[in-house]
Amino acid sequence: MTTIESQKKKSSSATVITLAVLLLVVLLTSVPYLVSIALAESPATADASPIFGVTIPAGYKQWELIAPAEEAAPLNELRAVVGNQTSIDAYQGGKLPFPDGTILVKRAWKRTQSPDFASATIPGAATTVQVMVKDSKKYAATGGWGFGRFINGKPVDEAQHRTCFACHEARAKGHDYVFTRLAP
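These remarks concern the structure in this document. Computed from a predicted structure; not experimentally measured.

Rules behind the numbers
- Residues numbered from 1 in each chain as written.
- Predicted model: local features only at pLDDT ≥ 70, side-chain atom pairs only at ≥ 80, totals over all residues.
- Heavy atoms only, no water.
- Buried < 20%, exposed > 50% of the residue type's maximum accessible area, 1.4 Å probe, protein only.
- Helix = DSSP H or I, 4+ residues; strand = E, 2+ residues; numbered from the N terminus.
- Pairing = 2+ DSSP bridges.
- Phe/Tyr/Trp six-rings, centres within 6.5 Å; stacked < 30°, edge-to-face > 60°.
- 1 Å grid on protein atoms, 1.4 Å probe; cavity = no way out; pocket = protein on both sides within 12 Å on 5 of 7 lines; lining within 4 Å.
- Points joined across faces, edges and corners; volume = space filled by probe spheres on them.
- Nonpolar A, V, L, I, M, F, W, Y, C, P; charged D, E, K, R; others polar.
- Core = buried A, V, L, I, M, F, W, Y, C linked by side-chain atoms within 4.5 Å.
- Contact = heavy atoms within 4.5 Å.

1. A closer look at the pairing of strand S2 (residues 77–83)
Right, so step 1: Across the seven residues of S2, seven count as buried, placing the element largely inside the fold.
Right, so step 2: Covered by surrounding structure in S2 are Glu-77, Arg-79, Val-81 and Gly-83 together with Leu-78, Ala-80 and Val-82, the residues of both alternating faces.
Right, so step 3: Across seven bridges, strand S1 (residues 64–71) lies against S2 in antiparallel orientation. The partner of Glu-64 across the bridge, within S2, is Gly-83.
Right, so step 4: Counted along the chain from S1 to the antiparallel partner S2, the turn is five residues long, and its residue Asn-76 has a positive phi close to 50°.
Right, so step 5: Note that S2 and strand S3 (residues 103–113) share seven bridges and pair antiparallel. In the strand pairing of S3, Val-81 is matched with Lys-106.

2. A closer look at the packing of aromatic side chains
Right, so step 1: What the rule picks out here adds up to five aromatic pairs.
Right, so step 2: A ring pair is formed by Tyr-91 and Phe-98, whose centres lie 5.0 Å apart and whose planes are at 65°; its orientation type is edge-to-face. For the pair formed by Tyr-91 and Phe-98, the shared burial category is buried.
Right, so step 3: Taking the centre distance of 5.9 Å and the plane angle of 70° together, the rings of Phe-98 and Trp-145 count as edge-to-face. Linking Phe-98 in the loop between helix H2 (85–93) and S3 with Trp-145 in strand S5 (residues 145–151), this pair joins segments that are 47 residues apart in sequence. Each member of the pair Phe-98 and Trp-145 is classed as buried.
Right, so step 4: One aromatic cluster is present, formed by Phe-52, Tyr-139 and Phe-147 through successive ring pairs.

3. So, the layout of surface pockets
Summary: where empty space remains is shown by rolling a probe the size of a single water molecule over the atoms.
Right, so step 1: In this structure, the largest pocket occupies an estimated 660 Å³ of space.
Right, so step 2: Forming the boundary of the largest pocket are 28 residues, of which Arg-79, Lys-106, Gln-130, His-168 and Phe-179 lie nearest the centre.
Right, so step 3: Contributing elements (two or more residues each) for the lining of the largest pocket: S1, S2, S3, strand S4 (121–134), S5 and helix H4 (164–172).
Right, so step 4: Each residue belonging to the lining of the largest pocket can be placed in one class, and the counts come to 14 nonpolar, eight polar and six charged.

4. Let's talk about the nonpolar core
Right, so step 1: Judged by nonpolar contacts, the single largest core of 26 residues is most densely connected at Ile-66, Leu-104, Val-105, Val-131, Trp-145, Phe-147 and Val-178.
Right, so step 2: Counting only elements with at least two residues in this core, the list comes to S1, S2, H2, S3, S4, S5 and H4.
Right, so step 3: The element best represented in this core is S4, accounting for four residues.
Right, so step 4: Discounting residues that sit within four places of it in the chain, Trp-145 has contacts with Phe-52, Phe-98, Thr-102, Leu-104, Met-132, Val-133, Lys-134, Tyr-139, Asp-176, Tyr-177 and Val-178.

The values are spatial; any link to function lies outside them.
Listed below in structure tokens is the structure:
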């Protein structure tokens, strides 16, 4: 082998080693960053409902209103059910059962007398956020629905979550386990 060929071979080997080291450095420095992004985008399990793993959906306060409601004593609440676009399309199209991907969120507040208008009742302190998620395979045992009930952003205990489906099954089975109808 000539000296020139030997130098080219050494130079080529050095280039490959340099590129391999550079690639390794890039990977090792990127992994923690990529892991932190993945963890930030996935819901925290501590904030997921027991049994179902349902979380409060991001941006739900900007979702379209499906219907308001007033709950009498002893709860004395004002409620509003909002839904993601899948639910709105299903309601408007009269589709039952609701398609997978439907998410309904019930927001509830204590009823409070308006300080500005004597005959008006307005939302007071927030009481709960309740979430229903349609996934017919994941939640097959509960009519295709997963449930979450949250107070101050934290899920209530497992015992309360065990009552969700039984109540919906007893009262709303004929409407795919959903109480709320689209407001006219």
